[in-house]
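Architecture at a glance
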Amino acid sequence: MAGQHVDIRLTAEDGYQAQRSYSIASAPEDDHLVLTVERLQDGEVSPYLFDVLAPGDQLEMRGPIGRYFVWQDHMGGPLLMIAGGSGIVPFRSMLRHRDAARSEAPARLIYSARSLTEIVYRKELAGVADGVEVRLALTREHPVDWDGYARRIDRDILAEAAWAPQDRPLIYVCGPTGFVEAVANCLVDLGHDPESVKTERFGPTG
Amino acid sequence: MAIISRGFMGRRPEVDTDRLPPGQYVTYDFPVLSAGPTPRIPLDRWNFTITGLIDQPRSWTWDQFDALPKEAVTHDIHCVTKWSKLDTTWTGVSLDVLLEGIETAATHVLASSHGGYTTNLPLADLRQGRAWIATGYDDAPLAPEHGGPARLLVPHLYFWKSAKWVRGIELLGGDNPGFWERNGYHNYGDPWREQRYWGD
C-alpha cells in the first residue's frame, strides 16, 4: 500500500546488528521497490547505504509494514499531502499509486524544503498528472524569480493552499517532528477534524 | 539466519548492552511519535476513569488525581521504531493504587486516549509495580507532545503501549486489539522478544 515502510537490518561480521525504518518511494504497481534515503551525517545506517553498499550486495529487509499512514485509490479524496524535507517519500508513492490506479481523486501536495536543490523528485513533481497540484515552500534560500512560498509552512499557507475543512480532505503530514507538530496544530486550529489528520514523524535517527 | 553486511562495522552502544533489547539503539533525545495531531486537554476538563468489568466504575478529576500518592521512577524505554532511551525519570501514580481493591473477572484492558488512540494490554501487566499514569517527566509536568497532562507508562513493553493523553482504562473479559495492534503491530509487544509486528 502506498505510504508503507520497510525495515532494513545490517549485520556486522561479529553479529552486531542495526536496523532502521525507511519509507517506500515506489507505488505497489511499480516493478521495483524503491527506497529514498536521506544521508544523515552522524547516522549509523544511512551512511553505510550511501558509501558502502554496492550493486550485487544483499540487504536484509522486512516489510512492507504499516496499515495506517497509507492511501489507496478506493479511499478517494481530496488527498492532501504535506511534506517537510525527506517526508516527501511516502507521498511520491501515493502519487505514483494514484496514477497507476487511474484515480481521479483531486490531490494536492504542499512540500517544504530548505532550498531548490533539496527538493527531491523535482522533475517528477513538475510533471504531475491532471488533478494533482504541487505547492512548494523554500525555507532557507530561493531563486530570485521564485514564485512559490519563501517561508516555512504556516497557518496562512495552509489556509490558502489546503482545502477547507468542509471539503473533508484526507490529510497526511510527514516530516521531522517539529515540522509535523507545527503543521498538525495549524490544521486543527483551522478547523480540520483531528481524526482526518494522519501524521508520520521522523525522529533524529540515523 | 542473518546476512552479513559486507563492510558494515556499526556503531556499538556506549552502554551496557544487557540493557538494550535486540535491534534497538540508544538515543539521547526524546523523539515524538504520534499518529495524529497533539490534543490540547484543559485540566478542568480532564478526568481518568476505570470502567468495564467493575461493580462501581472509578473516576478522578485532575485535582483528585493530583492528590493521589505519586512515585518517582526511573526506567529504560524502548520504542518500536528502534530507539531506546535509558534512565528516563517519571512521576506518576501506580496502577496498583488505582486498581486497589478492585475485584474483577477481567483479563485484559483497553486504554483510551484523548484523540481516539487505544492500546490493549493484559491486566496483569498493569499490576505489581509495572505500570503508572505518569504526569511528570524529568521533574517537570509532562509536555503535551510527550502525552501530557497524563500518559500511561508501561516501560517493560514497547512504548506505543504507554498511551499518551490517556483518559481511561476499560476492564475486559477478553483481548481487544487497540490502534497499532490492528494496524500491523504486535499484540503484546515485548521488546526483549522483539515482538514488533504481526507474526513476530
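Reference entry: report on the structure contained in this document. (Residues numbered from 1 in each chain as written. Chains lettered and ligands numbered in written order. Predicted model: local features only at pLDDT ≥ 70, side-chain atom pairs only at ≥ 80, totals over all residues. Heavy atoms only, no water.)

Notes on the state of the cysteines
Evaluation of the coordinates by the stated rule reveals zero disulfides over all chains. With no disulfide partner, A:Cys186 has as its closest neighbouring cysteine sulfur the one in A:Cys174, 17 Å distant. Looking at A:Cys186, the relative accessible area reads 15%, which means it is buried. With no disulfide partner, B:Cys79 has as its closest neighbouring cysteine sulfur the one in A:Cys174, 15 Å distant. (Disulfide = S-S within 2.5 Å. Buried < 20%, exposed > 50% of the residue type's maximum accessible area, 1.4 Å probe, protein only.)

Concerning unusual backbone geometry
The peptide bond linking A:Gly63 to A:Pro64 adopts the cis configuration, its omega dihedral lying at -5°. Structurally, A:Pro64 is set in strand β3 (residues 60-65). In this model, B:Asp87 sits at a positive phi of 55°, which is unusual for a non-glycine residue. Position of B:Asp87 relative to the elements: it lies in strand β5 (residues 83-94). The partly exposed category is assigned to B:Asp87, whose relative accessible area is 46%. At B:Asp139, a position not held by glycine, the phi torsion is positive, near 65°. Within the fold, B:Asp139 resides in the loop between β8 (132-137) and β9 (140-141). (Helix = DSSP H or I, 4+ residues; strand = E, 2+ residues; numbered from the N terminus.)

Regarding the interface of chain B and chain A
Facing the 39 residues of chain B at the interface are 46 residues of chain A. Summed over both partners, the interface of chain B with chain A buries about 3500 Å², with 51% contributed by carbon and sulfur atoms. One can count four salt bridges joining chain B with chain A. Here A:Asp189 makes a salt bridge to B:Arg40, at a shortest N to O gap of 3.3 Å. Across the chain B-chain A interface, the total number found is 22 residue pairs in polar contact (both at pLDDT 80 or more). (Contact = heavy atoms within 4.5 Å. Buried area = accessible area lost by both parts, 1.4 Å probe. Salt bridge = Lys/Arg side-chain N within 4 Å of Asp/Glu carboxyl O. Polar contact = N/O pair within 3.5 Å; in protein donor to acceptor, adjacent residues only side chain to side chain.)

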